[in-house]
Amino acid sequence: MVDDDAVISFRDVTKGFGAIRALTSVSLEIRAGEFVAIIGPSGCGKSTLLRLASRLEHPSSGSIVRRTERIGYVFQEPTLMPWRTVRRNVELLAELEGVDRRLRRERADAVLRLVGLDEFADVLPAALSGGMKMRASLARSLLLDPELFLFDEPFGALDQITRHRLNAELMALFTQRPFAALFVTHSVEEAVYLSSRVLVMSARPGRLVDAFEVPFPYPRPNALRYEPAFATLAGRVASSLAEVA
Amino acid sequence: MSTVREAARMSGALRDAARSRSQVARLIRLAAPPLLVFLVVIGIWYAVTYLVLQPSRRFLLPPPHDVVRYGFMEPTTRAELWRGLLRSAHVAFLGLGVAFVIGFATAVLMSQAKWIERSLYPWAVVLQTVPILAIVPLLGFWFGFGLMSRVIVCVIIALFPIIINTLTGLLSADRRLHDLLTLHGAGRWTRLTKLQIPAALPDIFTGLRTSAGLAVIGAIVGDFFFGRGRPGLGLLLAQYSSRLKSEELLAAVLVACGFGVAVFSAFGWLGRRVVGAWDESWGATSRIEVQDEEATQGVQTDTSREGVGEPTGRGEAP
């Protein structure tokens, strides 16, 4: 059954590249305001799932219904244009969509304030630290006010402290204006902290093998990570992951 | 109040003085090693002229001061060299300009489709392997012995590095940025102007710098082998050498070298100006070191702002 409220729904989706089967019979629905994390061993097709959701790839069989064109895609690396200032990087997508110069400048400044980079609007990305670059990348995808966010291990390359801080910032953004999110990660802790539902994916060909509802109410304080209930749930997810890896 | 301001101005002046002093020191540090090599070479030159060569054979390598006297102080020779330099520079820049336009356009074409790249690439390589000296007379017959064929020699010699470097640059753009552009409906033109060409700039300048040097060589060598027409540096070299005027010959060689170095440095400077701020191979690293401190400070102030979720409270939804 396809849920009418779903921002995006995958039904029995299979994706192969030549002889390689990347994903097999994936069914999944994400409703507005739902934060879904996908966790699985490397090479299990998590990124493929995101590429399918964004329509950069198309399924070999099965169907994907997406009810919005407004998607934000955040990659593993910040992938900023080094020749553009932070502000001009953030403006990029609006520029591609033909948004008027004044309006996009206003919006860029607003999202830069939102991620705490307003003082760095006029510097080149080379002058930013890794965490700040990632924030600029986040700001870029926020600019067009997406209804569906696709995250491809966005904080994987950052150190623990920066990662926790960015998790909290993302949490704050999500709480303030909930969007539908599909968040791919390697970290059980990150998955449980951020999401309302954690899906575990098996090794190639990727299949969704387990699902965990995360009951903690938003906004979640950083201290949640150290509570027993959190640890218990993270433990269950981790052992499920250990079975498929 | 005014004394405070004055004191501030004084300390500012002191700081400026200190900065300019450190800049002088830096310049000395930078210039000293090559200058030392220069002095050693001049020393060896004198040694060969006066200690190795018999006086009767000294014309083979006249001492540096004679080169300066007969080559650069003699008004007729100086004027001759100056005119030659201007003509060769004219040819070289024209050639480089044409090579850049053709090379850039070719590279853009090649970047648009694999089959175009496959069709043109072998011919670009062939062009590079053309024995240019062998076809110089042929070019003379076809296009005359004037400006046209001299420029063509330059173009042939300077084209390849521009094509290859530009193409490499155009194809080097981040795959995920391509994805991002795809997601937002960017066509070929947008992709080219907003992503590929800017991403290619560092490589384009690398190609330009290499080709600028080659264009200078092309201008001089072409002139040398055409052997007629209005003399540029190459033809002067040929004339001096056939008349055994070794002082003038060496002076002409020095002018040619100086010209080559000047062109190479000019394009180096231009490259650093245009892409040096963000591209590491054009000098961005040193800037990063400087700015990293600021960046770290920024992060620190961030932490002290207490609260990671804080930004949301301050901003508003886009």
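Sequence order as written defines the numbering, with residues in each chain counted from 1. Following the order in which they are written, the chains are lettered starting with A and the ligands numbered starting with 1. In keeping with the predicted nature of the model, local features appear solely for residues at pLDDT of at least 70, side-chain atom pairs appear and are counted solely at 80 or more, and the whole-chain, interface and lining totals rest on all residues.

A. Local environment of the overall build of chain A. Counting its regular elements, chain A contains seven helices and nine strands. Each radius of gyration is computed over the set of C-alpha atoms, and the globule rule expresses the reference value as 2.2 Å times the number of residues to the power 0.38. Relative to the 2.2 N^0.38 estimate, which gives 18 Å for 245 residues, the radius of gyration of chain A is 18 Å and therefore close to what a compact globule would have. Along the three orthogonal principal directions, the C-alpha set of chain A runs to about 50 × 40 × 35 Å. Burial status across chain A gives 49% buried among its 245 residues. Note on conventions: DSSP H or I runs of at least 4 residues are helices, E runs of at least 2 residues are strands, and numbering of each starts at the N terminus. Burial in this document is a count-based property: other C-beta atoms within 10 Å of a residue's C-beta are tallied, and the residue is buried at 20 or more, exposed at 12 or fewer, or partly exposed in between, with C-beta positions derived from the backbone.

B. Quick peek at the overall build of chain B. From N to C terminus, chain B includes 12 helices and zero strands. Ordering the α and β elements of chain B from the N terminus gives α-α-α-α-α-α-α-α-α-α-α-α. Looking at the 318 residues of chain B, the share that counts as buried comes to 31%. Within chain B, contacts between residues at least 6 apart in sequence are counted, and of these 72% link residues at least 24 apart. We call two residues in contact whenever the C-beta atoms placed from their backbones are within 7 Å.

C. The pairing of strand β9 (residues 208-213) of chain A, seen in detail. Two strands are said to pair when DSSP picks up at least two bridges between them. Pairing geometry for strand β8 (residues 197-201) of chain A and β9(A), over five bridges, is antiparallel. Bridging from a neighbouring strand, Leu199(A) pairs with Ala211(A) of β9(A).

D. Just the domain arrangement of chain B, in detail. The split of the chain into domains comes from an automatic or database domain assignment. If you check the domain split of chain B, you get domain 1 (10-58) and domain 2 (64-283). Here the C-alpha centre of domain 2 of chain B lies 30 Å away from the C-alpha centre of domain 1 of chain B.

E. View of the domain arrangement of chain A. Residue and element names in this part refer to chain A. Per the domain assignment, the segments of chain A are domain 1 (1-70 + 147-245) and domain 2 (79-145). Each of domain 1 and domain 2 has a C-alpha centre, and these two points are 25 Å apart. Contacts between the two partners involve eight residues from domain 1, matched on the other side by seven residues from domain 2. Asp, Glu, Lys and Arg are counted as charged, while Ala, Val, Leu, Ile, Met, Phe, Trp, Tyr, Cys and Pro are counted as nonpolar; the rest, among them Gly, fall into the polar class. Looking at the side of domain 1 that touches domain 2 residue by residue, the class counts come to five nonpolar, one polar and two charged.

F. Quick look at the environment of Leu208(A). All names here are of chain A. Within the fold, Leu208 resides in strand β9. Along the sequence, Leu208 and Ile39 sit 169 residues apart, while their C-alpha atoms lie 9.5 Å from each other. With sequence-adjacent residues up to four places away left out, Leu208 is seen in contact with Val26, Leu28, Leu199 and Met201.

G. Quick look at the nonpolar core. The biggest cluster of nonpolar side chains holds 140 residues, and the ones touching the most others in it are Ala139(A), Cys154(B) and Ala215(B). Sort the elements by how many residues they give to this core and helix α6 (residues 147-171) of chain B lands first, with 15 residues. Those residues in contact with Ala139(A) that sit more than four places away from it in its chain are Val90(A), Val111(A), Leu112(A), Leu114(A), Val115(A) and Leu117(A). Residues enter a nonpolar core if they are buried, belong to Ala, Val, Leu, Ile, Met, Phe, Trp, Tyr or Cys, and are joined to the set through C-beta atoms within 7 Å.

H. Spotlight on the sheet that holds strand β6 (residues 148-152) of chain A. Residues and elements named next belong to chain A. Strand order in the open sheet formed by six strands is β5-β6-β7-β3-β8-β9, with mixed pairing between adjacent strands. Each edge of the open sheet is held by one strand with a lone partner, namely β5 (71-74) and β9. Neighbour to neighbour, the strand axes of the sheet diverge by 15° on average, direction disregarded. Where β6 lies against strand β7 (residues 180-185), five bridges are found, and the strand directions are parallel. Counterpart to Leu150 in the pairing with β7 is Leu182. Helix axes are fitted only over the stretch in contact, all axes being lines through C-alpha atoms; the angle between N-to-C directions runs from 0 to 180 degrees.

I. Up close: the packing of helix α5 (residues 132-143) of chain B against helix α8 (residues 188-226) of chain B. Residue and element names in this part refer to chain B. Contact geometry of α5 with α8 gives a least axis separation of 10 Å together with a crossing angle of 65°. Along this stretch, α5 crosses α8, giving a crossing that reads as right-handed. Counted together, Leu133, Val136 and Gly140 of α5 and Gly222, Phe225 and Phe226 of α8 form the full contact between these two elements. Two helices that cross are described as forming a left-handed crossing if the nearer one is turned anticlockwise from the farther one by less than a right angle, and a right-handed crossing if clockwise.

J. Here's a closer look at the packing of helix α3 (residues 75-112) of chain B against helix α4 (residues 114-129) of chain B. Residue and element names in this part refer to chain B. The contact between α3 and α4 brings their axes to 5 Å, and the two run at 135°. Considering their axes alone, α3 and α4 lie oblique with respect to each other. Taking contact as the criterion, the partners of Thr106, Leu109, Met110 and Gln112 in α3 are, on α4, Ile116, Glu117 and Leu120. Partitioning the contact of α3 with α4 into residue classes produces four nonpolar, two polar and one charged. Roughly parallel refers to an angle under 35 degrees, roughly antiparallel to one over 145, roughly perpendicular to one between 65 and 115, and oblique to any angle outside these ranges.

K. Examining the confidence of the model for chain B more closely. All names here are of chain B. The predicted model of chain B averages 84 in pLDDT, with 85% of residues at 70 or higher. Residue-level confidence of the predictor, termed pLDDT, takes values from 0 up to 100. Predicted confidence for residues 286-318 stays below pLDDT 50, and this span has 49 contacts to residues more than four positions away or in other chains. For this predicted complex, the interface score ipTM comes out at 0.89, alongside a pTM of 0.81.

L. Molecular detail of the sheet that holds strand β2 (residues 20-31) of chain A. All names here are of chain A. Spatially, three strands are ordered β2-β1-β4 in an open sheet, and the strand pairing comes out antiparallel. A strand with exactly one partner marks an edge of an open sheet, and here the two such strands are β2 and β4 (61-66). Strand-to-strand twist across the sheet, computed as the mean angle between neighbouring axes with direction ignored, equals 15°. One ladder, built from five bridges, connects strand β1 (residues 6-17) with β4; its direction is antiparallel. From the neighbouring strand, Ile8 faces β4, where its bridge partner is Arg66.

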